[in-house]
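Remarks on the overall topology
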Amino acid sequence: MYITRFGELGRADIAVAGGKGANLGELVGAGFAVPDGFVLTTDAYQAFVDANGLDPDIRRLAALSADAATPTAVRAAAAPQAFAEASAQIRALFRAGVVPEAIAAELRDAYDELTGSVAGGADSAVAVRSSATAEDLPTASFAGQQDSYLNIRGLPALTEAVINCWASLWTARAMAYRAREGIDPGTVRLAVVVQRLVEAAASGVMFTANPSTGRRDQVVISAAWGLGESVVGGSVTPDDLVIAADTGAVLSRRTADKQVMTVLADTGTREQPVPTDRRSRPVLDDRASARLAELGTRIAAHFGAPQDIEWALTDAGFQVLQARPITALPEPAANPPTNWTTPRPGLYFRASIVEQLPDPLSPLFADFIDGSVTRSLESLLSRVFESGRPREGDLGLPTVNGYAYYYYRPSFFWGLLLKTPTALAAMVRGHAEMGLAGWQQQAHPRYVQALQQWTLQPVEAMSARQLLDGVSALLDAGTAYYTAVQSVIPVAATSEGLFRAFYERFVRRPGDPPALTFLLGYESEPIRAEESLWDLAAWTRDRPDIASTILTTPERRLAEPLTSGVAPAGVDADAWQEWHTRFRAHLDRFGHAVYNLDFASPVAADDPTTLLATLRFYLRGQGTNPHQRQASSAARRAEQTRVMRRRLGLVRRVAFRRTLYWAQRAAPMREDALADIGLAWPLMRRMLLELGGRLVRSGVIAEPADVFWLRRSELVSAIDFGLANPGGEAGVDAVAAPRVSINGAPRPVRADAIDKRKMLWRGRRRANPPQLLPEKGLVSRLSVQWMPAGSQDQQGEVITGVGASAGQVTAPARVLAGPAEFGQMQPGEVLVARMTTPAWTSLFAMASAVVTDVGGPLSHSSIVAREYGIPA
């Protein structure tokens, strides 16, 4: 049998009916209003191919086109043409084929039965739609890749439409899509949906989740007069509505000037002008849109996932023509904030530590970091200044729309500026852990000691209270260290600036190298991390099975072997264990470098997949050997230094030597200091995830990482009730929310609150936070010159910033929001980011230039770019 009615199909019948047919059958079985029809199954497609001997030619032509699409430089350009040529030849084979009599007889009987139930008998119109086995799937939509035909009348036209649908499995766009998705062309087949055509007064498309924001509580509807082909095909600008899924209220409406509509013709369809009185009239009023949204919500609930639905409005009401899962739907996000009202009067700056917090803060980190930074600053200022110490409320690190800002009471801030000479003197003396000596001899050893104290006991053996105390203590140690590191930056900036000024004014002659030549070639932690990764790649290249596995295995499948040490399939276990030991040694040494100080963001020690892009880059033989690059820079520096010393007289030689030594010593130490800021972060994350795991077992949260989305008070409450201790149970309402049951499955008590906080965070992340608050006034005008970011209101085609490393490059720009996107970086692209930290250094080997929103000549991106010899 080659024919199956809708009512006999369900969502599990994709192999028989394709994605579209299976979904329509599921809708009919669930009682939704679907125009009657049947499916010519995939067996009919295969029988046609076999009867006409098409399979060998299809496989040959499909293989040729797929081979042309392989990502080599020559073939990439030829791929579209190869798909087009193969498609034309395959479709010609289908048009020359003959439908076997058994299929033709069943198709005739099914068509007579379908059209005999409506006026007009055998000449009644039907829609003929392709339904591929790799179509309308949760992971691959394939929407629009095959063909559909409307207003088909009579058996000869139906037979021709069926053959054309079969042939459309091999359109150039469908073949290219399958190649991109990695779908074997030999595994796909196609069913054909034949459906009674309804003459709709209005039609359109409905998404049961907002495709722009990912919000699952909003339904988005596009509506136009006539048949829906004008909406799907994009030939008309439809009305657009956003509906609240729970209430049906219209959240937004845009009524278009609808100039054309699709209507039935004698055969097929045609476009005609919309009557003048309906062009600017809403297609759906509020009541109708609420009914349609409610229908979509019920369909999504039935399938258990957001749906992309094609609908039609007839005299009988709304009809469902198709439904498919929405693919590539973003995580839900609230609308970005537009109001930047401060919590209290004062000066708000996004500088210093805030440069390491480019995104909105997670709730738990926000609660921890404000007090930690405040205590660190108060302690430092109290040790530096004998009088005028900060009082409560003078400073802090609050958030505005989730973004961290340094806060100063105006009177305290201006008083602090007057004491700058005292602070500079303390910095030079290394007093209060400040300056190069203070960082090296006091701040760094103190930080290491604090970390060592909390590594004596495994996190699994600690009580919940110990874990929370450990996080507080380690974060305090980290912020105290960061505060000390910030005093290294002005020393480095002053030393480099002084040397440059002296060299340019009193030493350099025409033909002499730039001042930068004397400052390159020194080792620092980011450079040593690069050299370590290069060495690992060199070792790996000598083991082809391991190298091939790393180069060809998708990141999501390689993540487990990277972290567990269990050898992937086809790789020798002993060899992989040796490789993993070397990789783990790299992570133990350098894996604490933070991309973002918010402890909700993993570091490489937690998630090493961020290093894969650079490791693969090196494995392919790309990039330059960092050992050779540094040695070359060092040799050039030493030679030019000798030249200058021989040429200069005693006074200038002494000044040259002293200013140069100071600058050469300060810059690498600055990078070393910054690289170790995250020393405590892997342990803090292990502590918090241990707490999270215990709360999962107690039913408070859904997964361990949700602990970062709790407020500190909620976490403390859970600990006080024993829910985060081994054996804790969820019988006590520890966090002011009942544990509920949905469809018989228990739902964590804080699930809804966490979902809303994540949605709010994603919306805020799309905002562009002002560098200064309030944005207007005398203080803003006076302070803007000190801020690390330039004007964000530049107009025109040129954006101007601060030159940090000389050069000119024309290349594609790769904008990266964070480590989750590192894998998108391609060799030769310009790296564009809000800011970079030492953890980003691995990408500099691939970049042709670097552009950041935040920073200056002495920021991390600038220093490392100069070492690599690329513009910044």
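Residues numbered from 1 in each chain as written. Predicted model: local features only at pLDDT ≥ 70, side-chain atom pairs only at ≥ 80, totals over all residues. Heavy atoms only, no water.

In this section: the overall build of the protein. Across its full length, the protein carries 29 helices and 24 strands. Expressed as a percentage of the 872 residues in the protein, the buried residues total 53%. Looking at the protein alone, contacts between residues at least 24 apart form 68% of all its contacts between residues at least 6 apart. For the protein, the accessible surface area stands at approximately 38500 Å², while carbon and sulfur atoms represent 53% of it. (Helix = DSSP H or I, 4+ residues; strand = E, 2+ residues; numbered from the N terminus. Buried < 20%, exposed > 50% of the residue type's maximum accessible area, 1.4 Å probe, protein only. Contact = heavy atoms within 4.5 Å. Areas by Shrake-Rupley, 256 points an atom, 1.4 Å probe, with all protein chains shown as cover.)

Another aspect to go through is the packing of helix α11 (residues 363-384) against helix α15 (residues 464-486). As a packed pair, α11 and α15 sit with axes 9 Å apart at the nearest point and diverge in direction by 50°. Relative to α15, the element α11 is oriented oblique. Two packed elements cross with a definite hand, and for α11 against α15 that hand is right-handed. In this structure, α11 uses F365, F368, I369, S372, V373, R375, S376, L377 and L380 to contact α15, whose residues at the interface are L468, V471, S472, L475, D476, T479, A480 and T483. (Axes fitted to C-alpha atoms, helices over the stretch in contact; angles between N-to-C directions. Parallel < 35°, antiparallel > 145°, perpendicular 65-115°, else oblique. Left-handed = near helix turned anticlockwise from the far one by under 90°.)

So, about the nonpolar core. Core analysis: the biggest nonpolar cluster contains 82 residues, and F599, W681, L695 and L715 have the highest contact counts within it. When residues in this core are grouped by element, the largest group, 11 residues, is from α15. Residue contacts for F599: discarding those within four places in its chain leaves L364, F365, F368, V471, L475, W681, M684, R685, L688 and F708. Grouped together as the second largest cluster of nonpolar side chains are 44 residues, W539, I546, I550 and A839 included. (Core = buried A, V, L, I, M, F, W, Y, C linked by side-chain atoms within 4.5 Å.)

Let's shift gears to unusual backbone geometry. Negative phi values dominate among residues other than glycine, just as trans dominates among peptide bonds. In this structure, the amide linkage connecting L773 to the following residue, P774, adopts the cis form with an omega of -5°. Tracing the backbone through its elements, the reader meets P774 in the loop between β21 (772-773) and α27 (778-783). Positive phi, close to 60°, is recorded for N151, a residue that is not glycine. Looking at N151, the relative accessible area reads 2%, which means it is buried. Positive phi, normally seen in glycine, also occurs at N401, with a value near 55°. If you trace the backbone, N401 turns up in the loop between β16 (399-400) and β17 (403-404). Classification of N401 by relative accessible area gives buried; the value is 18%.

Looking now at the packing of aromatic side chains. Counted according to the given criterion, the structure contains 30 aromatic pairs. Their ring planes at 85° and their centres at 5.9 Å tell us that W709 and W761 sit as a pair that is edge-to-face. Of this pair, W709 sits in the loop between α24 (681-697) and α25 (712-720) while W761 sits in helix α26 (residues 751-765), and the two are 52 residues apart along the sequence. A cation sits over an aromatic face here: R350 above Y405, 5.8 Å from the ring centre. Across the ring face of Y868, the terminal group of R629 is positioned such that the distance to the ring centre comes to 4.2 Å. (Phe/Tyr/Trp six-rings, centres within 6.5 Å; stacked < 30°, edge-to-face > 60°. Lys NZ or Arg CZ within 6 Å of the ring centre and 35° of its normal.)

All right, on to the packing of helix α17 (residues 525-541) against helix α23 (residues 650-675) then. The interhelical angle for the contact between α17 and α23, taken along N-to-C directions, is 75°, at an axis separation of 7 Å. Accordingly, the angle class assigned to the pair α17 and α23 is roughly perpendicular. Between α17, through E525, P526 and R528, and α23, the contact on the second element is made entirely by E671, D672 and A675.

Bringing the sheet that holds strand β6 (residues 202-207) into the picture now. Across the sheet, which stays open at both edges, the 6 strands sit in the order β9-β8-β7-β6-β12-β13 with antiparallel pairing between neighbours. Bordering the open sheet on either side are β9 (250-254) and β13 (317-325), each of which pairs with just one other strand. Mean inter-strand twist for the sheet, computed between neighbouring axes without regard to direction, equals 20°. Looking at chain direction, strand β8 (residues 239-244) and β9 are connected through 4 bridges and run antiparallel. Within β9, the residue paired with I243 across the bridge is V250. (Pairing = 2+ DSSP bridges.)

When pLDDT is low, close inspection of the predicted coordinates is not appropriate. Here the protein shows a mean pLDDT of 86. Residues at 70 or above account for 89%. Scored below 50 in pLDDT, residues 730-744 makes 27 contacts in the model with residues more than four places away or belonging to other chains. (pLDDT = per-residue confidence, 0-100.)

Spanning 22 residues, helix α22 (residues 626-647) covers 31 Å between terminal C-alpha atoms, matching the ideal 32 Å at 1.5 Å per step. Those residues of α22 lying buried are P626, R629, Q630, S633, A634, R637, T641 and M644. What you see down the axis of α22 is that its buried residues fit within an arc of 125°, all on one side. Turned more than 90 degrees off the buried face of α22, the exposed positions are Q628 and R646. (Expected span 1.5 Å × (residues − 1). Arc of directions from axis to C-beta.)

Now for the environment of T314. Along the chain, T314 falls in strand β12 (residues 307-314). Given a relative accessible area of 18%, T314 falls into the buried group. Considering only alpha carbons, one finds T314 and V198, 116 residues apart in sequence, at a separation of 7.4 Å. Beyond its immediate stretch of four places on either side in the chain, T314 contacts V198, E199, A200 and Q319.

Inspection of the secondary structure assignment puts L61 in helix α3 (residues 55-68). C-alpha of L61 to C-alpha of E85: the two residues are 24 residues apart in sequence and 8.8 Å apart in space. Setting aside its immediate chain neighbours within four residues, L61 contacts A86, Q89 and I90.

This part is about the pattern of salt bridges. For the structure shown, the criterion picks out 40 salt bridges. Taking the shortest distance from any N to any O, the salt bridge between D240 and R254 comes out at 2.7 Å. Taken together, the residues D240 in strand β8 and R254 in strand β9 connect sequence positions 14 residues apart. Note on R254: relative accessible area 38%, which makes it partly exposed. A salt bridge links D308 to R324; the nearest nitrogen and oxygen atoms lie 3.1 Å apart. Of the two residues, D308 sits in strand β12 while R324 sits in strand β13, which places them 16 residues apart along the sequence. The pair D308 / R324 is uniform in exposure class, with both members buried. (Salt bridge = Lys/Arg side-chain N within 4 Å of Asp/Glu carboxyl O.)

Moving on, we come to α24. Here α24 spans 24 Å end to end across 17 residues, near enough to the 24 Å set by a 1.5 Å rise per residue. Counting buried residues in α24 gives 13 out of 17 residues, a clear majority hidden from the surface. Looking at the residues trailing α24, positive phi occurs at G699, about 80°.

Moving on, we get to the sheet that holds strand β1 (residues 3-5). An order of β1-β2-β5-β3-β4 is seen for the 5 strands of this open sheet, with the pairing classed as antiparallel. Edge positions in the sheet fall to β1 and β4 (148-152), since each has one partner strand and no second. For this sheet, the mean angle separating the axes of adjacent strands, direction not counted, is 25°. Looking at chain direction, strand β2 (residues 37-40) and strand β5 (residues 190-196) are connected through 4 bridges and run antiparallel. Within β5, the position partnered with F38 by the bridge is V194. Its contacts with the sheet place helix α1 (residues 14-29) against β2, β3 (126-132) and β5, and it is angled at close to 125° to β3. Sheet contacts for helix α6 (residues 155-167): β2, β3, β4 and β5; angle to β3, the most-contacted strand, approximately 20°.

Below, the discussion takes up the side chain of E690. Position of E690 among the secondary structure elements: in helix α24. Non-local contacts of E690, meaning those with residues more than four positions away in its chain, are made with V459, E460, L467 and R697.

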